Amino acid sequence: MPATAEAQPTPSFPEIDAVVARIKSNADRWIAVPVEQRVQYLERCMDALEVVAPAWAEATALYRGLDPSGPSGGEAWLTELMPTMRCLRLTADSLRHGGQPPVPKTWTRSDGQVVARTYPTDTMDKLLFAGITAEVWLEPGKPGTQGRLYRDKAGGSSPKGKLSLVLGAGNVGSICPTDAIYKLFAEDEVVVVKTNPVNAYLTPFWIAALKPLVDDGFIAFIDGGSETGVYLTNHPDVETIHITGSDKTYDAIVWGGDAAEQKRRKASGQRANTRHVSAELGCVTPLFIVPGQWTDKEMAYQARSVVATVTNNASFNCVAGKIIVTASGWAQRTQFLDALREAFRRVPPRKAYYPGSEQRYAGFQGAYPNAEVLSERPVGTVPWTLVAGLDADKDEYAFKNEAWCGVIAETSLDAHSATDFMVKAAAFGNDRLWGTLSCNVICDPRT
């Protein structure tokens, strides 16, 4: 498939109805598909993805203004192709174990809370991501169980077939297909994906990668703008909704289309859309820098790591670092900020491909006219920009507005020890920063 695959035309409402009806008609048939056949679907999708991957990666690189054949072109492979393939592979592996794959390690904390280490799972994980682990901390009092859906089905209890609407993200091309796979295999719901216009150029690649499931009527992709989205979120055949995107879009779906209606409904708890809606929304993601004694090498490494969270995908990530939180009493605070500035200066500015990013940047320029611009600004880019020294006790613009461009702010808390800092950092993150999606804590092992 060429990197310039032709996008789908936006369908009319009757055409949308026909697609929805076709996928909906297969909801009960999907419920009855046995585990072995589901694994085969995933294996066939992996084969299909392998074929289409080079063209998909090239299309993403070109759209983002990157050289597909250079080092920067690897971003598409690492953020889109690898996560999609990994999702297919690990889902298949989970199903081979009846929805209960082996967990590397579990233990119970002193308060009775169960913790499960889920990563690394094998030698390849350990080699590729040395030193990185992932854990699931269950709700206190809950047992460590897996795969309820498949346990129940093995016991003869199957859910009723449902149709889910996935409103796709516009920033990262792996999110649409992996959300669809999750809905289909983890929640047993057939899926209509309404793509985001920003990355709808990838729709032909998604269809090609998931062709076995698309051909058999379990997944469909529909391109279109806000009118298409509104029509689908209110479609009588849609039973659940998942959205990756803006909190404003979420509020419009759940609470109504205008601010007054939203305020009234939120106060009364009367939702405009009563369907089950799950969502992954944005956040002013903090990076809590725990005070310690860092070597020059550690300082440079962590500065590069922070810069990477901002510059990856031109900062069009919901989990991109947006506010650095330091301790005012940290003796190395100035050294760290200087290392950060130097790391930013080494990264070329990126194409501002996401609509509205330049307007977002203008908002931060208006709020902070003395912000430090750390790169050049060719036409069509947003420069890497640092807003340092914000007052943690004030209602700062940067605390309640996600930049969604190459801006990161910095503030310090009145703390001199790691313990004091972390207590205050938790309160600051929970009470002062907008959003609850993500945070990052950087602490040296000695501390």
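Refer to the structure printed above.
About the criteria used
Residues numbered from 1 in each chain as written. Predicted model: local features only at pLDDT ≥ 70, side-chain atom pairs only at ≥ 80, totals over all residues. Heavy atoms only, no water. Pairing = 2+ DSSP bridges. Helix = DSSP H or I, 4+ residues; strand = E, 2+ residues; numbered from the N terminus. Axes fitted to C-alpha atoms, helices over the stretch in contact; angles between N-to-C directions. Contact = heavy atoms within 4.5 Å.

Can you explain the sheet that holds strand β7 (residues 240-244)? Please cite residues and give values.
Strands sit in the order β6-β5-β4-β7-β8 across an open sheet of five strands; the sheet is parallel. Where the open sheet ends on each side, the last strands, each with one partner, are β6 (219-222) and β8 (276-280). On average, adjacent strands in this sheet sit at an angle of 20° to one another, irrespective of strand direction. Judged from the six bridges that link them, strand β4 (residues 162-167) and strand β5 (residues 189-194) form a sheet pairing that is parallel. In the strand pairing of β5, valine 166 is matched with valine 193. Sheet strands touched by helix α7 (residues 175-186): β4, β5, β6, β7 and β8. Its angle to β5, the strand with the most contacts, is close to 160°.

Could you give an account of the sheet that holds strand β2 (residues 114-119), with specific residues and numbers?
Strand pairs in the sheet, formed through backbone hydrogen bonds, run parallel or antiparallel to each other. Pairing in this open sheet of three strands is antiparallel, and the strands run β1-β2-β3 from one edge to the other. The sheet is open, and its two borders are formed by β1 (105-108) and β3 (134-137), each paired with just one other strand. Within this sheet the neighbouring strands show an average axis-to-axis angle of 25°, counted without direction. As judged from the four bridges shared by β1 and β2, these two strands associate in the antiparallel manner. Following the sheet pairing, lysine 105 is matched in β2 by arginine 117.

Any functional reading would require information that these geometric values do not contain.
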